[in-house]
Amino acid sequence: MKKEIASALVATSIALNSAPAIAEFIKVEVPNSQPETRTDLPAESNYSQEVTPGSRVYMLQTPDQEAILVDFSKAIGFTPDKNLIVSPLKTKKLGQESAKITRDFQKYLNTSRNGYEPLAGYTDGTNDYNQYQDHQSGPQIPAYSWMVHTGLTVDMPGIGRVDGGPGRAVVVLILNRTDKVYRFPTNSVTVEAGFQGWGRLWDGSAKETVEVEKRLANHYLTRLGEGVPETGFIGQTDQGERNADSATVITVERTQWGKNEDGTSRYQFQLLRAETVPAIKK
């Protein structure tokens, strides 16, 4: 199986300039042969497996459950969940605006700007998130809302695990475009050295989703890059006041896509962005 998939990767690789945050993906036919046994992750693991050890290429699915190969070589420390879906939306490049613009949440996200009406509101946030109970929790994402976790490690079922390092932070951003509250199972989420924030999405259409994803990511890249002592955004990557030099940013949308076999609505985590980028400094 490994050889056949590798051949498909070489033969049908497609670079997607319109989606720089997910470097490339390849639609493949999955062979009917039995899957090979892998030993680098536990058999019961919910993480996806690299198609070839060390390749950073993983097999995921489109919203219509077609197999695709995704190259995560530009997302340092990220291992996707085996059930993660790749979104059809195309993200915008991060870091094109200065910290002077991106650091102020209300001006950047909750007021009219550059042809957009207000995109997102801020409800609340929690510093030192998950400092108790083995760093585990079961957060819930309100309907029509966003939620972000930053820190040194974030592990979420349905999305995957992201590990930072010295000078490299983690940002996991979820955009819930549905009218349903999403509840993670009890103690299923692990966050170390973290911050949690959340708020409303004012418009869940595709155009606004792409814009608010970019701005929320830029805002928290600025928080991690500059540091905000009074709200806890310092020292998360063990560099003290220097704060983060870079961050691995994973963003997903929670959306409804088609129906299940029993006729009920199908809800999915769909991956929008997976890349390591410089933090935004002053």
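Keep in mind it's a predicted model, so treat the numbers as computed, not measured.

Reading the values: the criteria
- Residues numbered from 1 in each chain as written.
- Predicted model: local features only at pLDDT ≥ 70, side-chain atom pairs only at ≥ 80, totals over all residues.
- Heavy atoms only, no water.
- Salt bridge = Lys/Arg side-chain N within 4 Å of Asp/Glu carboxyl O.
- Helix = DSSP H or I, 4+ residues; strand = E, 2+ residues; numbered from the N terminus.
- Buried < 20%, exposed > 50% of the residue type's maximum accessible area, 1.4 Å probe, protein only.
- Contact = heavy atoms within 4.5 Å.
- Pairing = 2+ DSSP bridges.
- Expected span 1.5 Å × (residues − 1).
- pLDDT = per-residue confidence, 0-100.
- Core = buried A, V, L, I, M, F, W, Y, C linked by side-chain atoms within 4.5 Å.

Draft legend 1. Representation of the pattern of salt bridges in the model. Here the structure, examined in full by the defined rule, presents 13 salt bridges. One salt bridge in this structure joins Glu97 and Lys214, with 4.0 Å as the shortest N-O distance. Linking Glu97 in the loop between strand 5 (85-86) and helix 2 (99-102) with Lys214 in helix 4 (residues 206-226), this pair joins segments that are 117 residues apart in sequence. Overall, Glu97 belongs to the buried group, its relative accessible area being 14%.

Draft legend 2. View of unusual backbone geometry. A positive phi is found at Asn130, a non-glycine position, where the angle reads about 65°. Relative to the elements of secondary structure, Asn130 occurs in the loop between strand 6 (124-129) and strand 7 (136-137). With a phi close to 50°, Tyr144 is a non-glycine residue in the positive phi region. With respect to the helices, strands and loops of the structure, Tyr144 is situated in the loop between strand 8 (140-141) and strand 9 (145-151).

Draft legend 3. Fine view of the environment of Gly54. Tracing the sequence through the fold places Gly54 in the loop between strand 1 (25-27) and strand 2 (57-61). Expressed as a C-alpha distance, the spacing of Gly54 and Ser73, which sit 19 residues apart in the sequence, is 9.6 Å.

Draft legend 4. Representation of the environment of Gly227 within the structure. Here Gly227 shows up in the loop between helix 4 and strand 16 (246-259). Placed 17 residues apart in sequence, Gly227 and Ala244 show a C-alpha to C-alpha distance of 8.2 Å. Here Gly227 is in contact with Thr222, Phe233, Ile234 and Asn243, once residues within four sequence places are set aside.

Draft legend 5. Broad picture of the sheet that holds strand 14 (residues 189-192). Spatially, five strands are ordered 4-11-10-14-7 in an open sheet, and the strand pairing comes out antiparallel. Whereas interior strands pair on both sides, the edge strands pair on one side only; in this sheet they are strand 4 (78-80) and strand 7. One ladder, built from three bridges, connects strand 10 (residues 153-156) with strand 14; its direction is antiparallel. Counterpart to Asp155 in the pairing with strand 14 is Thr190.

Draft legend 6. How the structure looks around helix 4. For helix 4, built from 21 residues, the straight-helix expectation of 30 Å at 1.5 Å per residue is met to within 8% by its first-to-last C-alpha distance of 30 Å. Extensive coverage of helix 4 is indicated by the burial of 18 of its 21 residues. One or two residues past the end of helix 4 sits Gly227, with phi positive at roughly 85°.

Draft legend 7. Structural context of the confidence of the model for the protein chain. With 83% of its residues at a pLDDT of 70 or more, the protein chain has an overall mean of 85. pLDDT under 50 marks residues 1-20. Its contacts with residues more than four places away, or in other chains, come to 34 contacts. Contacts for the low-pLDDT stretch residues 26-43, under 50 throughout, to residues beyond four places or in other chains number 34 contacts.

Draft legend 8. Examining the pairing of strand 2 more closely. With four of five residues buried, strand 2 is to be regarded as a mostly interior element. Across five bridges, strand 2 lies against strand 3 (residues 67-71) in antiparallel orientation. Following the sheet pairing, Tyr58 is matched in strand 3 by Val70. Connecting the antiparallel pair strand 2 and strand 3 is a turn made up of five residues, with Gln65 showing a positive phi of about 65°.

Draft legend 9. How the structure looks around the pairing of strand 14. Both strand 7 and strand 14 contribute to a ladder of two bridges, which runs antiparallel. From the neighbouring strand, Ser137 faces strand 14, where its bridge partner is Val189.

Draft legend 10. Focus on the nonpolar core. Ranked by size, the top nonpolar core spans 32 residues in total, and within it Trp146, Leu175, Val212, Leu216 and Val249 carry the most contacts. Of all the secondary-structure elements, those providing two or more residues to this core are helix 3 (105-109), strand 9, strand 12 (168-176), helix 4, strand 16 and strand 17 (265-278). Among the elements that take part in this core, helix 4 stands out by supplying seven residues, more than any other. Residue contacts for Leu175: discarding those within four places in its chain leaves Ser145, Trp146, Leu201, Thr209, Val212, Glu213, Leu216, Val252, Glu253, Arg254 and Leu272. Membership of the second largest hydrophobic core comes to 29 residues, among which are Phe78, Val172, Val191 and Trp198.

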